[in-house]
Amino acid sequence: MIFDLQKRLLGRVALALALAAGCGAASASILHVSINTSKFGATNGYIDMEFSAIAGAPLATAVVSNLVGLAATPDIQWGVDQVSGGYEFRNDTLNLLSHAATFGGIVSFDLAITGAVDPGAGYASVFKVAAFDGANYLGNFDPATGALAAFLWTPPPVVGAGGDVLATVFDDSVTLLPEPADWLLMAIGMAAIVLALQRQGLASAPAANRP
């Protein structure tokens, strides 16, 4: 009976892990963004990124790093600061970062967004990534913005809390994964849940079934 209980508990944890994987893009501190450019039907073009917010939004910064598949030097770097390993955007500055790319392979980068608190939770900032061939946006993009994917940043409500990133993917060429550190944190949390559930199950099992 105990073995059956453990199997049922582990099944529940497996379901929880699957659900965590599905929503990881909304809560991970760093996202790995991958774009399969072979689906664009163009041999070369540009990957554009920008970070914006409405007036009055609390300050937030977006850092892209570990860029792969892009030209070493951007064609346009407007309102964006170069930092160690990547580039930093601010939501209070008009900005655009555009890199040339040879399409047909994978373009990828890491995205991390942080910012000041917003007790009223009334503001949000948006990071967008798009593909452009010099005349037209590429892929199944958002018709309003041209974005292949958009990342909505909601600031933390209090100091010490974390903000949220809600990703909206418009084109299936884009895939998102939490960074390994985020998966490790989730795994540690799930391991704690397994241990707690097993202890609870053992404590509630009839005495005759205990070792």
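Here the structure is a predicted model, which is why all the values come from computation and not from measurement.

Draft legend 1. Structural detail: the nonpolar core. Counting residues in each nonpolar core, the largest one holds 32 residues, and the members touching the most others are Met49, Phe89, Phe127 and Phe151. Ranked by residues supplied to this core, first place goes to strand β8 (residues 106-115) with four residues. Here Phe89 is in contact with Met49, Glu50, Phe51, Ala60, Thr61, Ala62, Val64, Val80, Asn95, Leu97 and Phe127, once residues within four sequence places are set aside.

Draft legend 2. Up close: the sheet that holds strand β1 (residues 30-36). Judged by pairing direction, the sheet is antiparallel, and its six strands sit side by side in the order β5-β6-β3-β8-β1-β12 without closing on themselves. Pairing within the sheet leaves two strands with one partner each, and these edge strands are β5 (80-83) and β12 (174-178). Strand-to-strand twist of the sheet, defined as the mean angle between neighbouring strand axes without regard to direction, takes the value 25°. Both strand β3 (residues 60-68) and strand β6 (residues 86-90) contribute to a ladder of five bridges, which runs antiparallel. Among the inter-strand pairings, Ala62 is bridged to a residue of β6, identified as Phe89.

Draft legend 3. Main features of the environment of Ala42. Tracing the backbone shows Ala42 in the loop between β1 and β2 (44-53). In this structure, the C-alpha to C-alpha distance between Ala42 and Thr102, residues 60 residues apart in sequence, is 8.8 Å.

Draft legend 4. Inspection of the sheet that holds strand β7 (residues 96-102) at higher detail. Strand order in the open sheet formed by six strands is β4-β7-β2-β9-β10-β11, and the pairing between neighbours is antiparallel. Bordering the open sheet on either side are β4 (76-78) and β11 (164-169), each of which pairs with just one other strand. Direction aside, neighbouring strands of the sheet carry axes that sit 15° apart on average. Strand direction decides the pairing type here: β2 and β7, joined by six bridges, are antiparallel. Within β7, the position partnered with Asp48 by the bridge is Ser98.

Draft legend 5. Structural view of the packing of aromatic side chains. Within this structure, the stated rule accounts for seven aromatic pairs. With centroids separated by 5.4 Å and ring planes inclined at 80°, the aromatic side chains of Phe40 and Phe103 adopt a geometry described as edge-to-face. Pair noted here: Phe40 is in the loop between β1 and β2 and Phe103 is in the loop between β7 and β8, with a separation of 63 residues, a long-range link. Exposure remark for Phe40: the relative accessible area of 9% places this residue in the buried category. Under the relative-accessibility criterion, Phe103 is labelled buried at 7%. With a centroid separation of 6.2 Å and 55° between ring planes, the pair formed by Phe127 and Phe151 is classed as tilted. Residue Phe127 is located in strand β9 (residues 125-132), and its partner Phe151 is located in strand β10 (residues 149-154); the two are separated by 24 residues in the primary sequence. In this pair, the class of Phe127 matches that of Phe151, namely buried.

Draft legend 6. Main features of the pairing of β6. Pairing geometry for β5 and β6, over four bridges, is antiparallel. If you follow Gln82 over to β6, its bridge partner there is Tyr87. Between β5 and β6, which follow one another and run antiparallel, lie two residues, and Gly85 among them has a positive phi close to 80°.

Draft legend 7. A look at the pattern of salt bridges. For the coordinates displayed, the defined rule picks out three salt bridges. The partner of Lys39 in a salt bridge is Asp172, and the shortest N-O contact between them spans 3.6 Å. With Lys39 in the loop between β1 and β2 and Asp172 in the loop between β11 and β12, the pair connects residues that are 133 residues apart, well separated along the chain. In this structure, Glu50 and Lys128 form a salt bridge, with 3.9 Å as the shortest nitrogen-oxygen distance. Here Lys128 lies in strand β9 and Glu50 lies in strand β2, a separation of 78 residues in the sequence.

Draft legend 8. Here's a closer look at a nonpolar patch on the surface. Where nonpolar side chains cluster on the molecular surface, the patch consists of Ile76, Trp78 and Leu94 and spans about 350 Å² of accessible area. Mapped onto the elements, Trp78 comes out in strand β4.

Draft legend 9. Representation of the side chain of Asn95. For Asn95, the position within the fold is in the loop between β6 and β7. Residue classification places Asn95 among the buried residues on the basis of a relative accessible area of 6%. Within the structure, Asn95 has its side chain in polar contact with the backbone oxygen of Arg90 (distance 3.1 Å). Polar side-chain contacts of Asn95 include one of 2.7 Å to the backbone oxygen of Thr93. With near-sequence residues (within four places) excluded, Asn95 lies in contact with Glu50, Phe51, Trp78, Gly79, Val80, Phe89 and Arg90.

Parameters and conventions
Residues numbered from 1 in each chain as written. Predicted model: local features only at pLDDT ≥ 70, side-chain atom pairs only at ≥ 80, totals over all residues. Heavy atoms only, no water. Core = buried A, V, L, I, M, F, W, Y, C linked by side-chain atoms within 4.5 Å. Buried < 20%, exposed > 50% of the residue type's maximum accessible area, 1.4 Å probe, protein only. Helix = DSSP H or I, 4+ residues; strand = E, 2+ residues; numbered from the N terminus. Contact = heavy atoms within 4.5 Å. Pairing = 2+ DSSP bridges. Axes fitted to C-alpha atoms, helices over the stretch in contact; angles between N-to-C directions. Phe/Tyr/Trp six-rings, centres within 6.5 Å; stacked < 30°, edge-to-face > 60°. Salt bridge = Lys/Arg side-chain N within 4 Å of Asp/Glu carboxyl O. Patch = residues over 30% accessible without salt bridge, like charges linked within 9 Å, V, L, I, M, F, W, Y side chains within 5 Å. Areas by Shrake-Rupley, 256 points an atom, 1.4 Å probe, with all protein chains shown as cover. Polar contact = N/O pair within 3.5 Å; in protein donor to acceptor, adjacent residues only side chain to side chain.

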